Amino acid sequence: MSDFPPMLALVAGIGAIAGVGGVPGVVVVMALTMITTSWRLRLAHAMDGKPRDRARAVRKLVMAFNMIRKAVQG
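Bear in mind that the values here come from a model prediction, so they are computed numbers and not experimental data.

(A) View of a nonpolar patch on the surface. A cluster of nonpolar side chains, namely Val28, Leu32, Ile35 and Trp39, defines an oily patch on the protein surface of about 420 Å² accessible area. Looking at the element boundaries, Trp39 is found in helix α2 (residues 23-46).

(B) Representation of the pattern of salt bridges within the structure. Throughout the structure, instances matching the rule amount to one salt bridge. For Arg56, the salt bridge goes to Asp53, with nearest N and O atoms at 3.8 Å. Linking Arg56 with Asp53, this pair stays in helix α3 (residues 49-73), spanning three residues, or about one helical turn. We classify Arg56 as partly exposed; its relative accessible area is 42%.

What counts as what
- Residues numbered from 1 in each chain as written.
- Predicted model: local features only at pLDDT ≥ 70, side-chain atom pairs only at ≥ 80, totals over all residues.
- Heavy atoms only, no water.
- Patch = residues over 30% accessible without salt bridge, like charges linked within 9 Å, V, L, I, M, F, W, Y side chains within 5 Å.
- Areas by Shrake-Rupley, 256 points an atom, 1.4 Å probe, with all protein chains shown as cover.
- Salt bridge = Lys/Arg side-chain N within 4 Å of Asp/Glu carboxyl O.
- Helix = DSSP H or I, 4+ residues; strand = E, 2+ residues; numbered from the N terminus.
- Buried < 20%, exposed > 50% of the residue type's maximum accessible area, 1.4 Å probe, protein only.

Below you can see the structure in the form of structure tokens.
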């Protein structure tokens with residue numbers, strides 16, 4: 001990776017860490033994130049507080065169980 005210019009090496013490194021396959025993958029992920037952020041924010045602000053908090057809690061539980069599963073499986 002020393003052949004890359006510094007900024008390109010940083011972006012390629014982030015893509016490799018994320019497992020998306022380099023610079024094109026990072027660009028696609030960034031574009032989709034920027035597009036869907038406004039939709040997610042609009043949905044979150046349109047929801048009542050209690051269901052939104054429950055949805056967040058379920059998401060965090062799924063993430064936690066997935067992390068535990070990965071730790072146990074190796």
